[in-house]
Amino acid sequence: MELLEKIVDYSLNLGADYVDVRFEEKHYEKITVDNGVLKEYSITKASGLGVRVLVDGFMGFTSTNNLSWGNVRNAIQKAIELAKALKNKGRRFELYPVKAVRDKRKSPYKINPFDIEPGEKVKLLLDLNKLALAKEDIRSAITGYGALYDHKIYVSSEGAHIELDTVMTGILQVSIACWSGKMERVVDSKSRIAGYEFIKETEWDDMVNEASSLALEAVKASTPPPGTYTVILAPEVVGLLLHEAFGHASEGDIVDAGASVLAGKIGEKVASELVTVVDEGVVEGGKGYYHPYDDEGVPKGKTVIVENGVLKTFLTSRYIARRLDLEPTGNGRAQDYAHTPIVRQTNYYIMPGDMKLEELLEDVKYGLYVTGKGAMGGEVNTGTGTFTFSVGVSRVIRNGELCEYVRGVSLSGSILETLKYIDGVGKDLVIRTNVFGGCGKGGQRVHVGHGGPHVRVKKIVVGGR
Amino acid sequence: MEIKPKIDIDVHDIIKKVQALGATEAEVYLCNIKRLSIEAIKDKIEEAAYTHTLGLGLRVAVGKRVACLGTSISRLKDIENVLKRAVKIARASPEDKSWVSLPRKLDKSDVYGVYDSKAEKISVNRVIGIVMDNIDKLKTFDKRVTPVGASLTISIIEHTIGNSHSETVRRIETSITYAVGAKAQEDGKEGVYHETVYSKRLDIREYEKATLKSAKRALENLNAKPIETCKTDVILEGKVLAAILSSALAPAITADNVQQKRSPLRGKLNSQILSEQLTLIDDPTRPWLYGTKEFDDEGVATRRNTIISNGVLRSYIYDTYTALKEGRDSTGNAYRPSLSSMPKPWIHNLLVQGKNEVKLEDMIRDTKHGLVISSTIGYWLSNPVSGYVNATVVHGYLVKEGEIVDYVKGVIISDNIYNMLKEKIEAIGKSEEREYYLNVYAPPIKIKEVTIAGK
C-alpha cells in the first residue's frame, strides 16, 4: 500500500526520528446455534491503521479507521504532538536494533471459509446442535462456528515491509446437563490455522457427543474435598496452567515493571529439571496460532524460556529487549491496528518428556486427574506469584487407577513452587489454539496457543466445595 | 484535547437502502469512539496514545430470518458492502419462530450524569500531570514502596441508534478509567496491589484515594501468606462481592439464560432466592455510574428495575427479543458485546442494598475467627449455571477475636452463591461503604462458615 510509505515519509518530514505504520483488515465470522435455533449470524470487519512515532526518543501513537489522506495527516500530526508532550516527563522509548525485513507470508489453507455459502455452515451447526441435545438430561446446548481472516501490513522507516495473512477456523460446543435439580456445563472446541477444509475433515460428531456425555457425568459428580493434592494434568490443562502461572510472569514488560516474581532470576532454577518451556511462533500442523513475525517486524522463532528447570530468558519486544538488555524474541504483539504492541506469548508449551500416562498414574495413591473440557480459564497475579484456574470435569485417582468423576475443581498455587513440584512429564505433546477467544492483558486480547504433554504435580491446592 | 465526535452518516438513509435490498426490518447502530490514553510504567510515562474508531452495527430481518453485521467504516463504500451481505445472510438463515420485531419505539429516559464536559476539554498536558502526580504519591508514600505504573484513559463515545419503526436516538457519553499499581519490597519479600477506578467523570480525588490504597495494601501484602484449609466466617469487601455477583449471579437473571434453561433461577420468580436482608436493583438512571445511560443498545429507554426485593426474585432483565418471546415489554436492558453481536440482556448498574446495615469495622469487631477478603483473582471463573463461586484471594486479613492479626493470600474461597447469600449471611455493610466492580455496586458482607482451601 502506497499510503503506508507516504505516512512514513510525511512523519519523517514532520520531525519524527522513527515511524512504523500498521495497516490491518480483519474479518471475523461467528455463527451460534442455541437450542436448535440460529441465535446469531454475525460478521465483523475491522480495518484501519496505527502510526507509532518517536520524536527525540519519546513515543506517540495514533490510530484511525478513516483512511482519507486529510484524516491520516491529522493523525500523524497528533502522534507527533503526543510524543512531544512527553518530552521531559516521559521515558525515552528506545528500540533494540533489528535487521529490517521485507517478506510476505500466508498461513496455509485450501478453502477460504468466507467463500462457503452461509446456508451450508448454518446447516452443519443445526445438525451438530441437534446431536448434542439428543441425550436425555441434556437441557441446553450451544454450537458455534468461528472463522478469522486477518490481513496485516507492517512498514517502518527502517525499511521493513511485512505482509501477513492468517486464516483460522473452528467449532465450539457447550452442553448443559440437568439432573436432580443440579446443572453443569461442559465446553469444548477445536480450532486450527486452516481454511474450511478443517471444518470438512474433522469428525465434529465425536466432539459434540463427548461434550454432552461429559456434562452428564459431571452433573452427577460431587466436588472433591478442598485441600492439597497430587494431580496429573491433561495436556490442555498443562497449557492453561503454564500460560497463566508461568507465561505471564515471563513476559519482559511485566518483569521490567517490577511486577513479576521471576525478575532477576535468569540462570536460576525455577522449575523441576524435567521441565523445558518454549514459546514458538509457528507450530507444525496449524495447531498453534500463526505468528511468523511480531507487530514490530521481528521474526519469531522458537524461544527457550526454561531449559531443564533453569530460567534462560524473558519474552521481549524491541523496547523491552533494550530495557532488559536481552535479545528481541519477536513477542511485541498488538490486539489490532488501534493498539500498540506489548509483550505477549505466542505458542507457549512444555516440551515432551518420556513417560506414558500409565506410568504417571502408577505412583499416585490418591490424587486427581484433571482435564480441561469445561475449563473456564485462569488468572495470575504475577507480582505475588499467585495463580488460579478453573478446570474441567476431573477424576479421582486411587492406587494408580482412574475412579469417579468430580466437578467444580479449581486449582491455585504459587508460580515459583508449582513448576518445581513437577515430578513426571509425559511424551504426548498437544498444542491448541482458539478462534473463539484469546488472552487478555492491558485491555488487549490476542489469539495464543498453548499446550504440553501430561504432567504430574506433587502438590497443588484444590478448591472444591 | 478537543474531542468533538460528529457523525455525518444518515441512519435512515442506510435503513432505506437495506429495505430496498429486501429487508423487512433494519436497525443501524453507529458508534464513534475517541480515546486518549496516557500510561506510566514504573515512574515514567512510556506511552501517549490517541485512537479514533467509527463503527457500524447492522441488524436486518427478512421476515423471521435475522442477521447481524458489524464493520469499522474506513470508506463509505464499506457500508454498501455490509448491507448487501447482511441481506444475503438473513435470507440464507432458517426462520426464527420466536422473532417478532425490532423495538417499535426508540426513546430516551430522563437521565443526567452521562457526559462530563471537563473530560472532553482536558489537555494532554493535564492528563500527563494527573498521572505523574499519582506516581509521585507512590514514590513518597514509604521508602519500601515503588510504583508499578499508573494510567488514565479518557473516552468520548457517541452512540446513534435508529430502526425502520422509529426515530433515531443519540447520546454522547464519557468513560474514564484510572488504573494504578504499587509494589513493596523488604528483606527479599514482595507485595503488589492494583486498583482501578471507572467512572463517567473525571474524579482526581478518587484517583488519589486509589493510589494511596494500592500503596498501603502492597505494604500489607509483604507479609501475606496462606492459612490452613478450614471453614470460617468471611467478610467480603464490597468490591469482591460485586465481582462475584457479576460472574455468578448477573448471568442468571438475564431472560435469555432463563429461556434457554441455563439459569438456576428459571421458574423462581416471586420465590425467596436470597436472604430477606438483600435487595438488588438495576438502576441505569443513577447519575455518574459506570452503566448510567438514557437508552440501551437497541435504543429502548432505560428504567430502574427491582430485580430482587428482600431476597425475593421479582424480575428478570429483558431486551426486545426475549421480552416479545414472552409477550411483554423490554426492561431496556439490551447490550451489544460488539458491533456485530445480536443484542442480549445485561445489567446496567446493579446496586446491592442491605437491611440492618452494619459498619465494616463493627463486622470485624464481632468476628471471633475469620477472613476479610479485599482482593481476589479468578472470580470470573465462577459458574452462573451451577452457582459455584471460586475465587483466589490475593489480599486479605486474618481476624481473631475482633482484631486483624495477620495478612492472607493464596487461598481459594469456594461455595455456592445461593447458599452463601441465603442462609449464611451474618451482616450486610452500609450503603456508604459500597464499592464496585465495573457496573455492580455492593457493600461489604459477612458470611458464616465458608470453605477456604489453603495449605
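Given the structure is predicted, the values throughout are model-derived calculations rather than measurements.

We now examine the overall build of chain A. When you go through chain A residue by residue, the secondary structure sums to 10 helices and 26 strands. Its C-alpha atoms give chain A a radius of gyration of 23 Å, near enough to 23 Å, the size a compact globule of 465 residues would have. Seen through its C-alpha atoms, chain A measures out along the principal axes to roughly 70 × 55 × 35 Å. Looking at chain A as a whole, 61% of its 465 residues qualify as buried. Within chain A, contacts between residues separated by at least 24 positions form 75% of all contacts whose residues are at least 6 apart in sequence.

The next thing to look at is the domain arrangement of chain A. Residue and element names in this part refer to chain A. Domain boundaries in chain A define domain 1 (2–220) and domain 2 (227–463). The C-alpha centroid of domain 2 is placed 22 Å from the C-alpha centroid of domain 1. Of the residues lining the interface, 49 residues belong to domain 1; the matching set on domain 2 comes to 30 residues. At the level of secondary structure, the elements contributing two or more residues to the side of domain 1 that touches domain 2 comprise strand 1 (18–34), strand 2 (37–55), strand 3 (58–64), strand 5 (138–156), strand 6 (161–179), strand 7 (182–192) and helix 5 (204–220). The biggest single contributor to the side of domain 1 that touches domain 2 is strand 7, with 8 residues. Here the residues of the side of domain 1 that touches domain 2 are counted per class, giving 25 nonpolar, 12 polar and 12 charged.

As a further point, take the sheet that holds strand 10 (residues 302–307) of chain A. Residues and elements named next belong to chain A. A sheet is described by the order of its strands in space; here 6 strands give the open sequence 11-10-9-14-25-22, paired in mixed fashion. The open sheet is flanked by strand 11 (310–311) and strand 22 (430–433), the only strands paired with a single partner. Examined bridge by bridge, strand 10 and strand 11 share 2 bridges and lie antiparallel to one another. Across the sheet, the residue bridging to V306 is L311, located in strand 11. Along the sheet, helix 6 (residues 235–247) contacts strand 9 (277–280), strand 14 (347–350), strand 22 and strand 25 (449–452); its crossing angle with strand 25, the most-contacted strand, is approximately 115 degrees.

Let us look at the domain arrangement of chain B. Residue and element names in this part refer to chain B. Along its sequence, chain B is organised into domain 1 (11–219) and domain 2 (224–455). If you look at the interface, domain 1 gives 34 residues, while domain 2 gives 28 residues. Elements represented by at least two residues in the side of domain 1 that touches domain 2 include exactly strand 1 (25–41), strand 2 (44–62), strand 3 (65–72), strand 4 (145–163), strand 5 (166–186) and strand 6 (189–199). Element by element, the count of residues in the side of domain 1 that touches domain 2 is highest for strand 6, at 4 residues. Grouping the constituent residues of the side of domain 1 that touches domain 2 by class yields 16 nonpolar, 10 polar and 8 charged.

Residues and elements named next belong to chain B. Positive phi is not limited to glycine here, since K42 has a value of about 55 degrees. The class for K42 is buried, based on 21 C-beta atoms found within 10 Å. Despite not being glycine, N310 has its phi angle at roughly 45 degrees, a positive value. Within the secondary structure layout, N310 lies in the loop between strand 9 (305–309) and strand 10 (312–313). On the basis of neighbour counts, which here come to 15 C-beta atoms within 10 Å, the residue N310 falls in the partly exposed class.

Turning our eyes to something else, we now look at the interface of chain A and chain B. Contacts between chain A and chain B engage 70 residues on the former and 68 residues on the latter. With 12 residues, the single largest contributor to the side of chain A that touches chain B is strand 2 of chain A. Here the residues of the side of chain A that touches chain B are counted per class, giving 25 nonpolar, 31 polar and 14 charged. Across 5 bridges, the pairing between strand 3 of chain A and strand 2 of chain B is parallel. Bridging across to strand 2 of chain B, A:T64 finds its partner in B:H52.

Here we take up the sheet that holds strand 10 of chain B. All names here are of chain B. Strand order across the open sheet formed by 6 strands is 10-9-8-13-20-19, with mixed pairing between neighbours. Strands with a single pairing partner mark the edges of an open sheet, and in this sheet they are strand 10 and strand 19 (435–437). Looking at chain direction, strand 13 (residues 350–354) and strand 20 (residues 440–442) are connected through 2 bridges and run parallel. Bridge assignment links L351 to a residue of strand 20, and that residue is Y441. On top of the sheet, helix 6 (residues 238–249) reaches strand 13, strand 19 and strand 20; it is set at about 35 degrees to strand 19, its chief contact.

All names here are of chain B. In the sheet, strand 7 (residues 230–236) pairs with strand 21 (residues 445–453) via 6 bridges, with the strands oriented antiparallel. Bridge pairing links K231 to T451 in strand 21. As defined by bridge partners, strand 17 (residues 412–416) adjoins strand 21 across 3 bridges and the pair is classed as antiparallel. The residue of strand 21 that forms the bridge with I412 is A453. Looking at chain direction, strand 18 (residues 425–428) and strand 21 are connected through 3 bridges and run antiparallel. Its bridge partner being in strand 21, A427 is matched across the sheet by K446.

How each quantity is defined
Residues numbered from 1 in each chain as written. Chains lettered and ligands numbered in written order. Predicted model: local features only at pLDDT ≥ 70, side-chain atom pairs only at ≥ 80, totals over all residues. Helix = DSSP H or I, 4+ residues; strand = E, 2+ residues; numbered from the N terminus. Rg over C-alpha atoms; globule rule 2.2 N^0.38 Å. Buried ≥ 20, exposed ≤ 12 C-beta atoms within 10 Å, placed from the backbone. Contact = placed C-beta atoms within 7 Å. Domains from an automatic or database assignment. Nonpolar A, V, L, I, M, F, W, Y, C, P; charged D, E, K, R; others polar. Pairing = 2+ DSSP bridges. Axes fitted to C-alpha atoms, helices over the stretch in contact; angles between N-to-C directions.

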